[in-house]
Amino acid sequence: MSTRVTLFGIPNCDTVKKARNWLTEHGIDYQFHDFKKQGVPTERLPHWMAAVGWEKLLNRQGTSWRKLDEATKAGAVDESSAAAVMQEHASTIKRPVVEWADGQVTVGFKPEDWQDRAD
């Protein structure tokens, strides 16, 4: 396990931008994994789902989800089918996904939830 923080997301996502700025401002060294350029890491997706649950990881509120055809949306009913959708449509993953140095995984960005990590 790496001792470095890895932030997964899409560079033009406003929430990812805020999260990256927060990490930089708090002096936390991190690596950025760009879903658009590097894809969704197949080997990490099951780990994220185990850590936070597939229901939380699959962003059903976003524009990318709303643009999917109804059959694809209706087919995301369990971990396996949701993983297939997230693998094919990286933008349906709630962002950012962060793998922290202590091994924890978080999804989304709220400064108040991250504050303890900066102290």
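Owing to the predicted nature of the structure, the values given are computational and were not obtained by experimental measurement.

(A) Main features of the overall build of the protein chain. A count of helices and strands for the protein chain gives eight helices and four strands. Taken against the 2.2 N^0.38 rule, which gives 14 Å for 119 residues, the C-alpha radius of gyration of the protein chain at 14 Å falls within 12% of a compact globule. Principal-axis analysis of the C-alpha atoms gives the protein chain an extent of 45 × 25 × 25 Å. Going through the 119 residues of the protein chain one by one, you find that 44% of them count as buried. Expressed as a percentage of contacts within the protein chain between residues at least 6 apart in sequence, the contacts between residues at least 24 apart total 60%. Distance between charge centroids for the protein chain: 6 Å, based on 16 positive and 17 negative side chains.

(B) Summary view of the pattern of salt bridges. Counting across every chain of the model gives four salt bridges. The residue E99 makes a salt bridge to R44 at a minimum N-O spacing of 2.8 Å. Residue E99 is located in strand β3 (residues 97–99), and its partner R44 is located in the loop between α2 (35–38) and α3 (45–52); the two are separated by 55 residues in the primary sequence. Between R117 and D102 there is a salt bridge; the shortest N-O distance is 3.5 Å. Of the two residues, R117 sits in helix α8 (residues 111–118) while D102 sits in the loop between β3 and β4 (105–107), which places them 15 residues apart along the sequence. The partly exposed category is assigned to R117, whose relative accessible area is 25%.

(C) Main features of the sheet that holds β4. Pairing within the open sheet is mixed, and its four strands lie in the order β2-β1-β3-β4. Of all strands in the sheet, those bounded by a partner on one side alone are β2 (30–34) and β4. On average, adjacent strands in this sheet sit at an angle of 20° to one another, irrespective of strand direction. Both β3 and β4 contribute to a ladder of three bridges, which runs antiparallel. Counted as the bridge partner of E99 is V105 from β4. Of the strands in this sheet, β1 (5–9), β3 and β4 are in contact with α3, which crosses β4 at around 80°.

(D) Representation of the environment of R60. For R60, the position within the fold is in the loop between α4 (54–57) and α5 (63–67). C-alpha separation for the pair R60 and C13, spaced 47 residues apart in sequence, amounts to 16 Å. Beyond its immediate stretch of four places on either side in the chain, R60 contacts W54, W65 and A76. Within the structure, the side chain of R60 is placed 3.0 Å from the backbone oxygen of A76, a separation counted as a polar contact.

Cut-offs used in this document
Counting restarts for each chain: residues are numbered from 1 in the order of the written sequence. In keeping with the model being predicted, local features are shown solely for residues with a pLDDT of at least 70 and side-chain atom pairs are shown and tallied solely at 80 or more, while totals for entire chains, interfaces and linings include all residues. Side-chain descriptors were evaluated using all non-hydrogen atoms of the structure, hydrogens and water having been removed beforehand. Every helix listed is a DSSP run of H or I at least four residues long, and every strand listed is a run of E at least two residues long, numbered separately from the N terminus. As a reference, a globule follows 2.2 Å times the number of residues to the power 0.38, and the radius of gyration itself is taken over C-alpha atoms. Exposure classes here rest on a 1.4 Å probe applied to the protein chains alone. A residue is buried below 20% of its type maximum, exposed above 50%, and partly exposed in between. Working rule for contacts: check all heavy atoms of both residues, and any pair within 4.5 Å makes them a contact. Residues scored as positive are Lys and Arg, those scored as negative are Asp and Glu, and His as well as the terminal groups of each chain are ignored. Taken as the charge centre is NZ of Lys, CZ of Arg, CG of Asp or CD of Glu, depending on the residue. Basic side-chain nitrogens of Lys or Arg form a salt bridge, by our definition, when they fall within 4 Å of a carboxyl oxygen of Asp or Glu. Note on pairing: DSSP must find at least two bridges between two strands before they are called paired. Angles here are taken between N-to-C directions and fall from 0 to 180 degrees, while the axes themselves are lines fitted to C-alpha atoms, restricted in helices to the stretch in contact. Under this definition, polar contacts are N or O atom pairs within 3.5 Å; protein pairs additionally need one hydrogen-donor-capable and one acceptor-capable atom, and for neighbouring residues in sequence, both atoms have to be side-chain atoms.

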